[in-house]
Amino acid sequence: MLEMFEDKSTLGISIGVLVVLITFVILWLLRSKKSTRKNILLIGASNSGKTRLFCELVYQKDALTQISIVPNRGDAVIKDGGKTKTVSLVDIPGQDKVRRKYFSLYKRSAKAIAFVIDSLSFQKECKDVAQFMYEVLTDETLSKTKLNFLIVCHKQDIDLSKGQSFIKANLEKEIELLRKISTSALTSTSGSSGEAKSNLLVKSNDSNKQFEFSHLKYTNVEFCETSCQNFDPLRNWLLSN
Ligand SMILES: Nc1nc2c(ncn2[C@@H]2O[C@H](COP(=O)(O)OP(=O)(O)OP(=O)(O)O)[C@@H](O)[C@H]2O)c(=O)[nH]1
Ligand SMILES: [Mg+2]
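Residues numbered from 1 in each chain as written. Chains lettered and ligands numbered in written order. Predicted model: local features only at pLDDT ≥ 70, side-chain atom pairs only at ≥ 80, totals over all residues. Heavy atoms only, no water.

Chemist: Is there a simple way to think about the overall build of the protein chain in this case?
Modeler: Helix and strand content of the protein chain: eight helices and six strands. Residue burial in the protein chain is summarised as follows: out of 241 residues, 43% are buried. For the protein chain, the proportion of contacts with a sequence separation of at least 24, taken over those separated by at least 6, is 70%. Just so you have it, the protein chain exposes about 14100 Å², and 56% of that area is on carbon and sulfur atoms. (Helix = DSSP H or I, 4+ residues; strand = E, 2+ residues; numbered from the N terminus. Buried < 20%, exposed > 50% of the residue type's maximum accessible area, 1.4 Å probe, protein only. Contact = heavy atoms within 4.5 Å. Areas by Shrake-Rupley, 256 points an atom, 1.4 Å probe, with all protein chains shown as cover.)

Chemist: What is the right way to read the coordination of the magnesium ion (ligand 2) from this model?
Modeler: Tetrahedral coordination by four donors places them ideally at 109.5 degrees to one another around the metal; octahedral coordination by six donors ideally gives 90 or 180 degrees. Within the protein, the atoms that donate to the magnesium ion (ligand 2) are Thr51 (OG1) and Ser68 (OG), at distances of 1.9 to 2.1 Å. Of the two residues, Thr51 sits in helix 2 (residues 50-59) while Ser68 sits in the loop between helix 2 and strand 2 (72-80), which places them 17 residues apart along the sequence. The buried category is assigned to Thr51, whose relative accessible area is 16%. (Donors = N, O, S within 2.8 Å, 3.2 Å for Na, K, Ca; no water.)

Chemist: Looking at this model, I keep getting lost on the site of ligand 1. Mind explaining?
Modeler: Around ligand 1, the surrounding shell holds 20 residues, and the nearest of these are Ser46, Lys50, Thr51, Thr65 and Gly94. Taking Lys50, its side chain carries an N or O atom lying 2.7 Å from an oxygen atom of ligand 1. Contact with the protein chains removes 85% of the 660 Å² of surface that ligand 1 exposes when unbound. Sort the elements by how many residues they give to the shell around ligand 1 and helix 2 lands first, with three residues. Here the residues of the shell around ligand 1 are counted per class, giving five nonpolar, 11 polar and four charged. (Near = heavy atom within 4 Å. Polar contact = N/O pair within 3.5 Å; in protein donor to acceptor, adjacent residues only side chain to side chain. Nonpolar A, V, L, I, M, F, W, Y, C, P; charged D, E, K, R; others polar.)

Chemist: I tried to follow the side chain of His215 on my own but got confused; where do I start?
Modeler: Of note, His215 is situated in the loop between helix 7 (193-201) and strand 6 (220-225). For His215, a relative accessible area of 8% translates into the label buried. Residue contacts for His215: discarding those within four places in its chain leaves Leu201, Val202, Lys203, Asp206, Lys209 and Gln210.

Chemist: Help me out: how do you make sense of the pairing of strand 1 (residues 39-43) in this one?
Modeler: Here strand 1 lies mainly inside the structure; five of its five residues are buried. Alternating residues of strand 1 divide into Asn39, Leu41 and Ile43 and Ile40 and Leu42, and every residue in both groups is buried. Here strand 1 runs beside strand 3 (residues 83-91); their pairing, made up of four bridges, is parallel. Opposite Ile40, over in strand 3, you have Leu89 as the bridge partner. For strand 1 and strand 4 (residues 110-118), the ladder comprises five bridges, and the chain directions are parallel. Residue pairing in the sheet places Leu41 in a bridge with Ile113 of strand 4. (Pairing = 2+ DSSP bridges.)

Chemist: When you look at a nonpolar patch on the surface in this model, what are you seeing that I'm missing?
Modeler: Together, Leu11, Ile15 and Val19 give the surface a local cluster of nonpolar side chains, amounting to about 290 Å² of exposed area. Locating Val19 in the fold gives a position in helix 1 (residues 2-36). (Patch = residues over 30% accessible without salt bridge, like charges linked within 9 Å, V, L, I, M, F, W, Y side chains within 5 Å. Salt bridge = Lys/Arg side-chain N within 4 Å of Asp/Glu carboxyl O.)

Chemist: I would appreciate a short explanation of the packing of aromatic side chains in the present structure.
Modeler: The way to describe two aromatic rings as a pair is by their centre distance and the angle between their planes. Overall, the coordinates contain seven aromatic pairs when judged by the stated rule. On the basis of an interplanar angle of 40 degrees and a centroid distance of 6.2 Å, the ring pair of Phe115 and Phe149 is categorised as tilted. Of this pair, Phe115 sits in strand 4 while Phe149 sits in strand 5 (residues 148-154), and the two are 34 residues apart along the sequence. Members of the aromatic cluster, joined through ring pairs, are Phe103, Phe115, Phe132 and Phe149. In this structure, Arg99 is placed above the aromatic ring of Phe132, and the distance from its NZ or CZ to the ring centre is 4.5 Å. Positioned over the ring face of Phe166 is Lys162, at 4.7 Å from the centre of the ring. (Phe/Tyr/Trp six-rings, centres within 6.5 Å; stacked < 30°, edge-to-face > 60°. Lys NZ or Arg CZ within 6 Å of the ring centre and 35° of its normal.)

Chemist: How should the side chain of Thr219 be read in this particular structure?
Modeler: Within the secondary structure, Thr219 is located in the loop between helix 7 and strand 6. Thr219 has contacts with Leu137, Leu147 and Phe149, leaving out every residue within four places of it along the chain.

Chemist: What's the story with unusual backbone geometry in this structure? I'm lost.
Modeler: A negative phi angle is the norm for most residues apart from glycine, just as the trans form is the norm for most peptide bonds. One non-glycine residue, Asn47, lies in positive phi territory at about 75 degrees. Along the polypeptide, Asn47 turns up in the loop between strand 1 and helix 2. Positive phi outside glycine occurs at Gln60, with the angle close to 50 degrees. Along the chain, Gln60 turns up in the loop between helix 2 and strand 2. Given a relative accessible area of 56%, Gln60 falls into the exposed group.

Chemist: I tried to follow the nonpolar core on my own but got confused; where do I start?
Modeler: Taken as a class, soluble globular proteins show a tendency for nonpolar side chains to be buried jointly. Counting residues in hydrophobic clusters, the biggest one holds 38 residues, and the most contacted among them are Ile113, Met133, Leu171 and Phe213. Secondary-structure elements contributing two or more residues to this core are strand 1, helix 3 (96-106), strand 4, helix 4 (122-137), strand 5, helix 6 (164-189) and strand 6. At nine residues, helix 4 tops the list of elements feeding residues into this core. In contact with Met133, other than residues within four places in its own chain, are Phe115, Ile117, Phe149, Ile151, Leu171, Ile175 and Phe213. If you look at the next biggest cluster of nonpolar residues, it comprises 20 residues, including Phe54, Val58, Ile78 and Leu150. (Core = buried A, V, L, I, M, F, W, Y, C linked by side-chain atoms within 4.5 Å.)

Here's what the structure looks like:
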């Protein structure tokens with residue numbers, strides 16, 4: 001009788017130790033996975049102002065920039081009252097020929113993304129901007145990692161620049177079109193990737209509605225307006241990420 005009691009208590013202790021060990025291993029795995037996603041990416045079309053913002057944030061310099069052909073990496077030290085926060089930034093070139101290559105290279109390290117838009121040339125570039133954004137939002141690696149995504153409507157110092165509500169409405173229209181194209185391509189080829197891609201994008205309740213950024217399943221999208229004279233909204237978003 002006493003032996004049975006001792007066996008039971010030994011078993012209990014062993015199970016307890018095992019549970020604690022497993023918990024530690026899970027926590028360690030989660031932490032190491034999180035720490036590999038440490039960068040905030042600046043992406044967007046060429047000439048949208050990413051490198052100039054990068055220089056302001058990392059070097060506090062109003063630099064003269066040229067078209068980037070390789071990414072810029074650096075730490076932005078952001079002050080918030082008495083506290084400071086260091087943010088690891090990667091400025092991805094926007095040139096059509098290289099942007100996908102570098103985006104693919106850095107996407108696994110991204111903990112948040114700021115998508116920079118030239119608000120002056122937006123109307124002209126709307127389709128290209130929406131196409132790249134759609135690719136990023138439906139990217140299988142990213143779409144499963146709850147991502148904060150800031151759409152930076154930049155160059156607001158120029159008089160004819162479009163505001164964030166105009167840019168948002170037009171992007172939603174274009175992305176809706178891209179969703180429809182990808183779904184109809186799927187139907188005509190009877191493959192499945194088209195549907196899978198648009199499913200990645202929106203919550204099932206909203207899948208039959210006209211696309212809105214608020215319908216996105218995994219990505220939390222915010223908008224802001226900036227210029228190189230005032231990029232506080234971007235700085236504040238970086239602080240919160
Ligand atoms: N007026 C105005 N011009 C800006 C602003 N930000 C950037 N620019 C100008 O826009 C041009 C392009 O800026 P970059 O920062 O080089 O653009 P980018 O997005 O890095 O371009 P890629 O490297 O080709 O991807 C430069 O002439 C900048 O000086 C801004 O807020 N206002
Ligand atoms: Mg650049």
